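The primary structure of each chain is shown beneath.
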Amino acid sequence: MTYSDKVLDHYQNPRNVGSLDKNAADVGTGVVGAPECGDVMKLQIKVGDDGRIVDAKFKTYGCGSAIASSSLATEWLKGTHVDQAAQIKNTQIVEELSLPPVKIHCSVLAEDAIKAAIEDWRKKQAGTPAAGSQVHA
Amino acid sequence: MTEPVRTEPAIRETVYMDYSATTPCDPRVVQRMLPYFTQNFGNAASRSHQFGWTAEAAVDQARQEVAALLHAHEKEIIWTSGSTEANNLAIKGVAQMYRQKGNHMITAVTEHKAVLDTMKHLEGEGFQITWLPVDRKGHVDLEQLAAAITDQTILVSLMAANNETGTIHPLATIGALCKQKGVLFHTDATQATGKMELNVDTQHLDLVSLSAHKMYGPKGVGCLYVRRKNPRVRLTAQMDGGGHERGMRSGTLNVTGIIGMGEAARICRTEMATEIPHLAALRDRLQQRLLAGIPDAVVNGDEAARLPHLTNISFPYVEGESLIMGIKEIAVSSGSACTSASLEPSYVLKSLGLNDELAHSSIRFSLGRFTTTAEVDFAADRVIAEVLRLRAMSPLWEMVQDGIDLSQVKWTVH
Ligand SMILES: Cc1ncc(COP(=O)(O)O)c(C=O)c1O
């Protein structure tokens, strides 16, 4: 398996690794994937009053491409309005990282993680307790 | 002009810890082979001139060396292209020769593909195959083995030591059982040569597969030991032709390869007594450092009955491919048979009861004759640093630290 320079860069110097307070009202959390499939991504966003994402963090269990996809996603999310963030497509990640066909699922997972984090934040905004994204049983 | 002959292993920027995949040739092996490419190039089957006699004499000496390693007689060695061919010849050869006697054979699920796929092939031709399961350490249940033998059974094939975990089967006990029941016993000893005692008499072995490239010899040559007495084992040839190798394996002999294998066997036999404890000490040093530096790392296989040069370790909460990517200065094998596209976890580790996640996160370190203490320490430090780095970005590790039981989590499976 050969990796593109961008994947290697994100793998070696991942951006925004870490966690935000998942209980905070302005934080949305998305956890997608499963260990037996080889990838789990946790992506979190902190959203300002104007709907802009002021911070994004990730933790990923997965191959180098999965780590790179989530690292790239956090880079794109920061400073973006949630409505725009919800438009991010996995194909953009594939293109930016030059992912080979066998690694496309990593980008799909990153897109799903973004959507799950936004949904979690929206639910908190609507006042209903977060569901779905908090997978901890 | 010609390149100078290299007598030392090349200086590498990558530390080689994959000796179970293949070994470099010992420089003594290469030296021994060289004249037989040029001056002594004869065909060992040419009976009418000196070129042939010289080649034949060298092949016979190699035959004696390989036989000596097994405590066998030189006439019992059949040269092949490697262990894959030796396993095919042993299993298909017995199946076809003894079909009148019975149509049942026994093997285990952790065998090498060269045994498993050969058995599957025969299953497709109407043979009954018993696939014995293994326990957590990679052992078959000997009572289950005994119970599986029927009056239709013609062969038991169980490897000497496993290529992924290093687990050693109790050959002498299995051999005695087979002998008592009148069933032939084949063992794939590819990984075991030079790493443990092999003795066709005390271990009651009827057929043994060996490969030169796992014992510091060249690739593409190996042999099958075929017992000549008590009982005399007969095989149906799998290759038709000039009737070489007592009619069991036709084809002009790979003289240079065979000479290399002979020298490799001589070195293994004469140096085993010191090499085994040396390898075990290096392996133990590596394993101890890894276990001390990485919480929750687990050793796979049977530490009490294991090849001396190998340790297979799972590093939970990090994913195998990313770990391999992070330690690219160290050549090792991972528990995911990463055949480019499919990320299938190792069937051997899965048969030991490991879940996919643990199988994916496992690494086989196999050391060898040219491994140094400095390399072991470098590898241990690099692996520890990388596992800890990847854990720091692993959501699974974070959950476990928060006291969450991962098996209770409802994942969003795609
Ligand atoms: C246990 C075992 N059997 C058989 C083989 C195949 O040997 P060869 O490469 O000589 O065909 C190998 C090597 O991969 C092995 O480890």
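Since this is a predicted model, take the numbers as computed values, not measurements. (Residues numbered from 1 in each chain as written. Chains lettered and ligands numbered in written order. Predicted model: local features only at pLDDT ≥ 70, side-chain atom pairs only at ≥ 80, totals over all residues. Heavy atoms only, no water.)

### Some remarks on the overall build of chain B
When helices and strands are counted, chain B shows 12 helices and 15 strands. The proportion of buried residues among the 414 residues of chain B is 57%. Restricting to contacts in chain B with at least 6 residues of sequence separation, those with at least 24 account for 73%. For chain B, the accessible area works out to roughly 16800 Å², and carbon and sulfur atoms hold 53% of it. Here chain B contributes 40 positive and 46 negative side-chain charges, whose respective centroids are spaced 6 Å apart. (Helix = DSSP H or I, 4+ residues; strand = E, 2+ residues; numbered from the N terminus. Buried < 20%, exposed > 50% of the residue type's maximum accessible area, 1.4 Å probe, protein only. Contact = heavy atoms within 4.5 Å. Areas by Shrake-Rupley, 256 points an atom, 1.4 Å probe, with all protein chains shown as cover. Lys, Arg positive; Asp, Glu negative; His and termini not counted. Charge placed at Lys NZ, Arg CZ, Asp CG, Glu CD.)

### Remarks on the site of the ligand
All names here are of chain B. Taken together, 13 residues lie around the ligand, and Thr-84, Asp-188, Gln-191, Ser-211 and Lys-214 are the ones closest in. Here an oxygen atom of the ligand sits 3.3 Å away from a polar atom, N or O, in the side chain of His-112. The element best represented in the shell around the ligand is helix H3 (residues 83–97), accounting for three residues. Residues of the shell around the ligand, tallied by class, amount to one nonpolar, 10 polar and two charged. (Near = heavy atom within 4 Å. Polar contact = N/O pair within 3.5 Å; in protein donor to acceptor, adjacent residues only side chain to side chain. Nonpolar A, V, L, I, M, F, W, Y, C, P; charged D, E, K, R; others polar.)

### Let's talk about the confidence of the model for chain B
The predicted model of chain B averages 94 in pLDDT, with 95% of residues at 70 or higher. Two numbers describe this predicted complex: its pTM, 0.91, and its ipTM, 0.91. (pLDDT = per-residue confidence, 0-100.)

### A look at the interface of chain A and chain B
The accessible area lost on association of the parts is a frequent measure of interface size. Contact with chain A, which involves 33 residues of that partner, is made by 30 residues of chain B. Buried surface at the junction of chain A and chain B, both sides included, amounts to about 2700 Å², of which 63% is carbon and sulfur. Run the count over chain A and chain B and you get three salt bridges. Along the contact surface separating chain A from chain B lie 15 residue pairs in polar contact (both at pLDDT 80 or more). Elements with a contribution of two residues or more to the side of chain A that touches chain B: helix H1 (5–12), strand E1 (27–34), strand E2 (39–47), strand E3 (53–61), helix H2 (64–77) and helix H5 (104–125) of chain A. A breakdown of the residues in the side of chain A that touches chain B according to their chemical character gives 20 nonpolar, eight polar and five charged. (Buried area = accessible area lost by both parts, 1.4 Å probe. Salt bridge = Lys/Arg side-chain N within 4 Å of Asp/Glu carboxyl O.)

### Things to note about the pattern of salt bridges
Should their charged atoms come close, side chains of opposite charge can pair. Taken as a whole, this structure holds 33 salt bridges over all chains when the rule is applied. A network of salt bridges, in which partner residues are shared, links Asp26(B), Arg28(B), Glu271(B), Glu275(B) and Arg369(B).

### Structural notes on the state of the cysteines
Residue and element names in this part refer to chain A. The final tally for this structure, using the stated rule, is zero disulfides over all chains. In this model Cys-37 remains outside any disulfide bridge; the closest cysteine sulfur is found in Cys-106, 12 Å from its own. Cys-37 gets classed as partly exposed once you look at its relative accessible area, which sits at 42%. Cys-106 supplies the cysteine sulfur nearest to Cys-63, a cysteine that is in no disulfide, at a spacing of 3.7 Å. (Disulfide = S-S within 2.5 Å.)

### Focus on the sheet that holds E3(A)
Residues and elements named next belong to chain A. A sheet is described by the order of its strands in space; here three strands give the open sequence E1-E2-E3, paired in antiparallel fashion. The open sheet has two edge strands with one neighbour each: E1 and E3. Adjacent strand axes in the sheet meet at a mean angle of 10°, parallel and antiparallel pairs treated alike. Bridging between E1 and E2 involves eight bridges; their strand directions are antiparallel. (Pairing = 2+ DSSP bridges. Axes fitted to C-alpha atoms, helices over the stretch in contact; angles between N-to-C directions.)

### Notes on the pairing of E2(A)
Residues in a regular strand point their side chains to alternate faces of the sheet. Residue and element names in this part refer to chain A. With eight of nine residues buried, E2 lies mostly within the body of the structure. Connecting the antiparallel pair E1 and E2 is a turn made up of four residues, with Gly-38 showing a positive phi of about 95°. In this sheet, E3 lies alongside E2 in antiparallel orientation, the contact comprising eight bridges. Paired with Leu-43 across the strands is Phe-58, a residue of E3.

### A look at the packing of helix H7 (residues 255–293) of chain B against helix H11 (residues 373–392) of chain B
Residue and element names in this part refer to chain B. Their axes nearest at 9 Å, the elements H7 and H11 cross at an angle of 20°. Taken as axis vectors, H7 and H11 run roughly parallel relative to one another. Note on packing geometry: the crossing formed by H7 with H11 is right-handed. Seen from H7, the contacting residues are Leu-282, Arg-285, Leu-286, Arg-289, Leu-290 and Gly-293; seen from H11, they are Thr-373, Val-376, Asp-377, Ala-379, Ala-380, Val-383, Ile-384 and Leu-388. Within the contact of H7 with H11, the residues separate by chemical class into nine nonpolar, two polar and three charged. (Parallel < 35°, antiparallel > 145°, perpendicular 65-115°, else oblique. Left-handed = near helix turned anticlockwise from the far one by under 90°.)

### Some words on the environment of Thr412(B)
Tracing the backbone through its elements, the reader meets Thr412(B) in the segment after helix H12 (395–401). Spatially, the C-alpha atom of Thr412(B) lies 42 Å from that of Leu142(B), the residues being 270 residues apart in sequence. In terms of polar contacts, Thr412(B) uses its side chain to reach the backbone amide nitrogen of Gly33(A), at 3.0 Å.

### Examining a positive patch on the surface
Residue and element names in this part refer to chain B. A grouping of Lys-75, Arg-232, Arg-234 and Arg-246 is seen on the molecular surface, where their side chains present a positively charged patch. Tracing the backbone through its elements, the reader meets Lys-75 in the loop between helix H2 (50–70) and strand E2 (77–80). A relative accessible area of 49% means that Lys-75 is categorised as partly exposed. (Patch = residues over 30% accessible without salt bridge, like charges linked within 9 Å, V, L, I, M, F, W, Y side chains within 5 Å.)

### Digging into the sheet that holds strand E9 (residues 298–300) of chain B
All names here are of chain B. Reading across from one edge, E9-E10-E15-E12 is the order of the four strands in this open sheet, with antiparallel pairing throughout. Pairing within the sheet leaves two strands with one partner each, and these edge strands are E9 and strand E12 (333–334). Bridge count between strand E10 (residues 310–314) and strand E15 (residues 362–366): five bridges; the pairing is antiparallel. Its bridge partner lying in E15, Asn-312 is registered against Arg-364.

### Concerning the environment of Arg249(B)
Residues and elements named next belong to chain B. As for its position among the elements, Arg-249 is in the loop between strand E8 (222–226) and H7. Distance in space between the C-alpha atoms of Arg-249 and Thr-236 is 9.4 Å, their sequence separation being 13 residues. Residues contacting Arg-249, with those up to four places away along its chain left out, are Ile-78, Trp-79, Thr-80, Ser-81, Glu-85, Met-239 and His-244. At 2.7 Å, the side chain of Arg-249 forms a polar contact with the side chain of Glu-85.

### What to know about the domain arrangement of chain B
All names here are of chain B. By domain assignment, chain B separates into domain 1 (27–268) and domain 2 (272–395). One C-alpha centre belongs to domain 1, the other to domain 2, and the line joining them spans 29 Å. Every contact between the two is made by 32 residues of domain 1 and, on the other side, 27 residues of domain 2. For the pairing of domain 1 and domain 2, the buried interface totals around 2400 Å² over both sides, and the portion due to carbon and sulfur atoms is 56%. Run the count over domain 1 and domain 2 and you get zero salt bridges. The interface formed by domain 1 and domain 2 holds 12 residue pairs in polar contact (both at pLDDT 80 or more) in total. Here the side of domain 1 that touches domain 2 is built from residues that sort into 12 nonpolar, 11 polar and nine charged. (Domains from an automatic or database assignment.)

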